[in-house]
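# Chain and residue survey
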Amino acid sequence: MATEAGLKDGFTLWGAAHSLYSGKVRSYLIKKGLPYREFYPSSPEFHSRIVPAVKSLVIPVLETPEGEIIQDSTDIIDYLEARHPAPAMTPAGPVLRTVAMVIDAFGSEQMLPLAMHYRWSYRADQERFLQAEFGRAVHAGADREARLQSGESFMKYFSGFLPGLGVSPETIPALEASYFDLLEALDVHLQAYPYLLGGRPSIADFGMMAPLYAHLGRDPAPATVMKTRAPNVYRWVERMNLAGVADGEFRDCPERYLDDDAIPATLETVLRVMFSDWTPGLVADAERFNLWVADQPNLAAGHLVSADGAHRVHPNLGAIAYPWRGVTMRRDSAPHALWLHSRAADQARSLSGPAREALQALLTRTGGAEAMAIRLSRPMRRDDFALVLA
Ligand SMILES: N[C@@H](CCC(=O)N[C@@H](CS)C(=O)NCC(=O)O)C(=O)O
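Note that the structure is predicted; figures quoted are calculated from it, not measured.

### A word on the overall build of the protein chain
Helix and strand content of the protein chain: 17 helices and eight strands. Here the C-alpha radius of gyration of the protein chain, 20 Å, is about what a compact globule of 390 residues would show, namely 21 Å. Counting only residues that meet the buried cut, the protein chain has 55% of its 390 residues in that class. Residue pairs in contact within the protein chain that sit at least 24 positions apart in sequence constitute 73% of those at least 6 positions apart.

### What to know about the nonpolar core
Membership of the largest hydrophobic core comes to 109 residues, with the highest contact counts inside it found for I103, Y179, L197, M208, L212, W236 and F289. Counting residues per element, this core draws most heavily on helix α14 (residues 265-295), which supplies 13 residues. For I103, the residues in contact, after removing those within four places along its chain, are L196, L197, A204, M208, L267, L271 and M274. Membership of the second largest hydrophobic core comes to eight residues, among which are F46, V54, V58 and I69.

### What about the site of the ligand?
Lining the immediate surroundings of the ligand are 17 residues, of which I59, Q71, D72, S73 and Y157 lie closest. For the ligand, an oxygen atom lies 3.1 Å from a polar atom in the side chain of Q71. Residue H314 places a side-chain N or O atom 3.1 Å away from a nitrogen atom belonging to the ligand. Protein contacts shield 89% of the accessible area of the ligand, which totals 500 Å² for the unbound molecule. Counting residues per element, the ones that place at least two in the shell around the ligand are α1 (20-32) and α8 (152-159). Considering only residue class, the shell around the ligand consists of 10 nonpolar, five polar and two charged.

### Structural notes on the packing of aromatic side chains
In total, this model carries 14 aromatic pairs according to the counting rule given. Centre to centre, the rings of W14 and F39 are 5.6 Å apart; their planes meet at 55°, and the pair counts as tilted. In this pair, W14 is assigned in strand β1 (residues 11-14) and F39 in strand β2 (residues 36-39), connecting sequence segments 25 residues apart. With a relative accessible area of 0%, W14 lands in the buried category. Between F289 and W292 the ring centres are 6.3 Å apart and the planes differ by 45°, which places this aromatic pair in the tilted class. Of this pair, F289 and W292 both sit in helix α14, separated by three residues, roughly a single helical turn. A residue is classified by how much of its surface remains accessible, and F289, at 1% relative accessible area, is buried. Since its relative accessible area comes to 7%, W292 is described here as buried.

### Side note on the domain arrangement of the protein chain
Looking at the assigned domains, one finds that the protein chain contains domain 1 (5-83), domain 2 (94-118 + 168-389) and domain 3 (122-161). Between the C-alpha centres of domain 1 and domain 3 the distance comes to 22 Å. With seven residues of domain 1 at the contact, the number on the domain 3 side is eight residues. Considering only the side of domain 1, the residues that lose the most area to domain 3 are H18, Y40 and S42, jointly responsible for 75% of the buried surface there. Remark: the boundary between domain 1 and domain 3 carries zero salt bridges. A per-class count over the side of domain 1 that touches domain 3 returns five nonpolar, two polar and no charged.

### Examining the pattern of salt bridges
Enumeration over the complete set of coordinates arrives at 26 salt bridges. Between E238 and R235 there is a salt bridge, with the nearest N and O atoms lying 2.9 Å from each other. In this pair, E238 and R235 are both assigned in helix α13 (residues 231-240), three residues apart and thus about one turn of the helix distant. Overall, E238 belongs to the partly exposed group, its relative accessible area being 31%. Given the relative accessible area of 29%, R235 is considered partly exposed. R381 serves as the salt-bridge partner of D383, at 4.0 Å between the closest nitrogen and oxygen. Bridged by salt links that share partners, the residues R235, E238, R239, D247 and E249 form one connected network.

### Section: the environment of P354
With respect to the secondary-structure elements, P354 resides in helix α16 (residues 353-366). A relative accessible area of 68% means that P354 is categorised as exposed. Separated by 101 residues in sequence, P354 and C253 have C-alpha atoms that sit 27 Å apart.

### So, the environment of L351
When you line up the elements, L351 lands in the loop between α15 (335-349) and α16. The exposure class assigned to L351 is buried, which follows from its relative accessible area of 8%. For the pair formed by L351 and T98, sequence separation is 253 residues and the distance between their alpha carbons is 9.2 Å. Non-local contacts of L351, meaning those with residues more than four positions away in its chain, are made with P94, V95, T98, R356 and L359.

### Section: the sheet that holds strand β4 (residues 69-71)
Strand pairing within a sheet occurs via backbone hydrogen bonds; the two strands may be parallel or antiparallel. Spatial ordering of the open sheet is given by β2-β1-β3-β4, a layout of four strands whose pairing is mixed. The sheet is open, and its two borders are formed by β2 and β4, each paired with just one other strand. Taken over all neighbouring pairs, the strand axes of this sheet differ in orientation by 25° on average, direction set aside. Where β1 and strand β3 (residues 61-63) come together, three bridges link them in antiparallel fashion. Following the sheet pairing, L13 is matched in β3 by L62.

What counts and what doesn't
Residues numbered from 1 in each chain as written. Predicted model: local features only at pLDDT ≥ 70, side-chain atom pairs only at ≥ 80, totals over all residues. Heavy atoms only, no water. Helix = DSSP H or I, 4+ residues; strand = E, 2+ residues; numbered from the N terminus. Rg over C-alpha atoms; globule rule 2.2 N^0.38 Å. Buried < 20%, exposed > 50% of the residue type's maximum accessible area, 1.4 Å probe, protein only. Contact = heavy atoms within 4.5 Å. Core = buried A, V, L, I, M, F, W, Y, C linked by side-chain atoms within 4.5 Å. Near = heavy atom within 4 Å. Polar contact = N/O pair within 3.5 Å; in protein donor to acceptor, adjacent residues only side chain to side chain. Areas by Shrake-Rupley, 256 points an atom, 1.4 Å probe, with all protein chains shown as cover. Nonpolar A, V, L, I, M, F, W, Y, C, P; charged D, E, K, R; others polar. Phe/Tyr/Trp six-rings, centres within 6.5 Å; stacked < 30°, edge-to-face > 60°. Domains from an automatic or database assignment. Buried area = accessible area lost by both parts, 1.4 Å probe. Salt bridge = Lys/Arg side-chain N within 4 Å of Asp/Glu carboxyl O. Pairing = 2+ DSSP bridges. Axes fitted to C-alpha atoms, helices over the stretch in contact; angles between N-to-C directions.

The following block contains the structure:
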């Protein structure tokens, strides 16, 4: 069991095998080569020390050897990248760096509804697995039946997210079609390269591991979809949790990122699929956020981004609706997704000269110009484990 003394000599990831954002941080720690141990929320220390510190029952949480506590998978990776700059997990080339941030934002947030759909809409096909995995996270001990039953209230809580994420009988066929298009593009690309941006893993891969590991790559029903439709994507999921960068399948691929001027057509196809499915929701989310800000022009910096003032893991500023793949997508707004998208959009806007031109040309070819032109009327930042106005 975790002890105060035991936490002093390495990083601790408070996470769980079935948790979406734990999968992102875990693969980052493995590929970065940082020694860590993983503890589960079933540990009494999680409730006595971690939950009060982060003010929510949420994973993943990183605890440093000095006892600092960090939440949000993106904040965790930013923190560790600043603390251990080498080897950098973001490409240096300005165009590829922007692409990395775009894919990270897409994977970390845009694919959440898909991941949750495949976990909970196919619940009957994988009930015992989900019971075991939720039980594994919350209940320590050898009593098998007790553990299978122990995750029930969490299963009820998380399965209740589907309507707010826009998953409904009307949207499910469109959601699945969008997933198949993405899998197809990724499967082609990942036959040529071991990682999304070439011969080294990056934040693009870690962001995509959020949905593609625990839910879409590990739960039995969606794992079968991935394995049978896109085996190269499944193999990438396995590769992302292996120590080391090299993979014998790609003997001739140098362990470095693509150059800014050598982005292959297969990656452009991935970006085209992403932008096409992402843009309508981003536009609607940004409109909702800008209206919320316009309605309350005097909000001070530091004000919680939340319609009702409640501190939530993923806040919401009210419902949005927009046309998407031939249906009307109705869901809760997602300011956290906007925050991640704005980081990429701000990075894009910071480019100048030939890099700016190269990025604009790439965005035009891949249908990304509209998404990357979205600008919020007020920036956001994270403070005290929550999203606030900057
Ligand atoms: N944006 C956060 C989200 C973390 C998150 O949603 N964690 C899930 C498990 S994977 C959770 O604990 N959710 C609790 C809740 O939504 O109340 C991150 O990147 O870490």
